[in-house]
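Spelled out, the chains give:
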Amino acid sequence: MKKLFTMLIVFSLTFSITGCSKNNDKTMLEDSSSVYLDNETDSIAEMVEKDANIAPSASVSSAPEIASPSLVTDMGGSSLPMVDWEYDLDRNGVPEMPRLVTLDEGMGQRFELWEDSKLIWSEEGYFVHTGYNALFLCILNGEAYLLRYHPTMYTGTGTYNYQLFSLENGTETVVQENSVNFDTNFYKGKPLYGEFDPEAIAAFMDEVNDLLSYSTQLLNTDVGLLDTFAGKTVAPQDTLGWLDNFDRDQSKSLLENLQAFQRTQQGENIAP
């Protein structure tokens, strides 16, 4: 009887210990599961927060807008369409599509004329002295022309010229042109490398400015000319910006200022 009672006590103790162990394992499993899920939830929340704070990559940029997909080219520069163009420079009855293209990351520009998705003519210019160029649309008596103007100055020596032309039959057809050369470097009362004729210079400038008064700028990489135009692209006027380096009298005409410049240079550079 005593032996039986002892066995019952041992069995009860074993059952209690086993039950406690299982309950503890269950509690630990529940606790560990709770910790894992909480940690996972926290990690997701942190990821969402981090994603929300991530700035767009600087290397990603939106594609440039192209006004006319049929005119996409591979120059590597931005292309800007020109509006309000209804002109037929090649005289074939079909208005061209003009475009101004930026070259070499802003170092230059190219003006293009397209017709039926085909490039029919172009002209380039660069913002360095040797690449200066200026091109205008000139409307005379209802007809459209292109005006190319090169007012070039090197170390005080001027070589100015222009050509007014159409693109009839697909080639440049010049209808008017002119040029003038002059030297602003005086020594002993005379120009060093050429001549300085105020009347000839003024006559040329009057001719150019008359054409410019009917013109709209299409391309201009001539820094000096851009400065002279002061942002004016419709009917701009060239007032010979280099005269501003001397005592230009705004109340006098261009010819009078050129004559005054000549007299001043002659007087200042005559050796005693």
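The structure we're discussing is the one just above.
A brief structural summary. Going along each chain's sequence as written, the residues are numbered from 1 onward. pLDDT decides what is reported in this predicted model: residues at 70 or higher carry local features, side-chain atom pairs at 80 or more are listed and counted, and totals for whole chains, interfaces and linings draw on all residues regardless. Side-chain numbers come from the whole structure's heavy atoms, not from hydrogens or water.

### Some words on the pairing of strand β5 (residues 134-140)
It is a general feature of regular strands that their side chains alternate between the two faces of the sheet. Put simply, the rule reads: A 1.4 Å probe rolled over the protein chains alone gives each residue an accessible area, and that area as a share of the maximum for its type sets the label: buried under 20%, exposed over 50%, partly exposed in between. Numbering of helices and strands starts at the N terminus; helices are DSSP runs of H or I of at least 4 residues and strands are runs of E of at least 2. At least two DSSP bridges between two strands are needed for those strands to be called paired.
For β5, the tally of buried residues reaches five of seven residues, placing the bulk of the element in the interior. As paired elements, β5 and strand β11 (residues 215-220) share five bridges and run antiparallel to each other. Its bridge partner lying in β11, Leu-137 is registered against Thr-216. Sheet topology note: the β5/strand β6 (residues 143-154) ladder contains six bridges and is antiparallel.

### Thoughts on unusual backbone geometry
The residue Arg-91 is not glycine, and still its phi comes out positive at about 60°. Checked against the element boundaries, Arg-91 lands in the loop between β1 (79-81) and β2 (97-103). Of note in this structure, Ser-117 is not a glycine but carries a positive phi near 65°. The topology assignment puts Ser-117 in the loop between β3 (108-115) and β4 (118-126). According to the relative accessible area criterion, Ser-117 is partly exposed, its value standing at 42%.

### So, the packing of aromatic side chains
Note the following rule: Here is the rule: rings of Phe, Tyr and Trp (six-membered ring for Trp) pair when centre to centre is within 6.5 Å. Planes less than 30 degrees apart are stacked, more than 60 are edge-to-face, and the remainder are tilted.
Following the criterion strictly, the structure yields 16 aromatic pairs and no others. The interplanar angle of 65° and the centroid separation of 6.4 Å between the aromatic rings of Tyr-160 and Phe-204 together place this pair among those described as edge-to-face. Taken together, the residues Tyr-160 in strand β7 (residues 157-166) and Phe-204 in helix α2 (residues 198-212) connect sequence positions 44 residues apart. On the basis of an interplanar angle of 80° and a centroid distance of 6.3 Å, the ring pair of Phe-186 and Phe-261 is categorised as edge-to-face. Remark: Phe-261 occurs in helix α4 (residues 254-268) and Phe-186 occurs in strand β9 (residues 186-187); sequence separation between them is 75 residues. On the basis of relative accessible area, Phe-261 is assigned to the buried category, the value being 4%. What links up through ring pairs into an aromatic cluster is the set Tyr-149, Tyr-160, Tyr-162, Phe-182, Phe-186, Phe-196, Phe-204, Trp-242, Phe-246 and Phe-261.

### So, the side chain of Asn-220
Using the following cut-off: Polar contacts, as used here, are pairs of N or O atoms within 3.5 Å; protein pairs need one atom able to donate a hydrogen and one able to accept it. Residues neighboring in sequence count only if both atoms are side-chain atoms. Every residue pair with non-hydrogen atoms within 4.5 Å of one another is taken to be in contact.
Looking at the secondary structure, you find Asn-220 in strand β11. Among the polar contacts made by the side chain of Asn-220, one reaches the side chain of Gln-217 at a distance of 3.1 Å. Only 3.0 Å separates the side chain of Asn-220 from the backbone nitrogen of Asp-222, close enough to count as a polar contact. Apart from the residues within four sequence positions on either side, Asn-220 is in contact with Gln-109, Phe-127, Asn-133, Ala-134, Leu-225, Leu-226 and Phe-229.

### As for α2
Note the cut-off: An expected span of 1.5 Å times one less than the residue number is assigned to each helix.
Across its 15 residues, α2 extends 21 Å between first and last C-alpha, which sits within 8% of the 21 Å expected from 1.5 Å per residue. Every buried residue of α2 is accounted for by Pro-198, Ile-201, Ala-202, Phe-204, Met-205, Val-208, Asn-209, Leu-211 and Leu-212. Capping of α2 at its N-terminal end is provided by Asp-197; its side-chain oxygen lies 3.1 Å from the backbone amide nitrogen of Glu-199.

### Details of the layout of surface pockets
Selection criterion: In the cavity and pocket records, a cavity denotes points on a 1 Å grid over the protein atoms alone where a 1.4 Å probe fits but cannot get out, a pocket denotes an open set with protein on both sides within 12 Å along at least 5 of 7 lines, and lining residues are residues with an atom within 4 Å of a point. Grid points are joined across faces, edges and corners, and a volume is the space filled by probe spheres set on the points. Each residue receives one of three labels: charged for Asp, Glu, Lys and Arg, nonpolar for Ala, Val, Leu, Ile, Met, Phe, Trp, Tyr, Cys and Pro, and polar for the others, Gly being one of them.
Taken as a whole, the largest pocket holds about 400 Å³ of empty space. What lines the largest pocket is a set of 21 residues, among which Pro-151, Tyr-160, Asp-222, Gly-224 and Leu-225 lie closest to the centre. When residues of the lining of the largest pocket are traced back to their parent elements, those giving at least two are β6 and α3 (223-229). Looking at which element gives the most residues to the lining of the largest pocket, the answer is β6, with six residues. The class makeup of the residues in the lining of the largest pocket is eight nonpolar, nine polar and four charged.

### Comments concerning the sheet that holds β6
Put simply, the test is: To get an axis, fit a line to the C-alpha atoms, keeping to the stretch in contact for a helix; angles then go from 0 to 180 degrees between the N-to-C directions.
If you trace the five strands from one edge of the open sheet to the other, you get β8-β7-β6-β5-β11, paired in antiparallel fashion. Each of the sheet's edge strands pairs with one partner strand only, and the pair in question is β8 (173-183) and β11. The sheet shows a mean angle of 20° between the axes of neighbouring strands, taken without regard to direction. Lying over the sheet, α2 contacts β5, β6, β7, β8 and β11, oriented at roughly 145° with respect to β8.

Read these as geometric descriptors, not functional statements.
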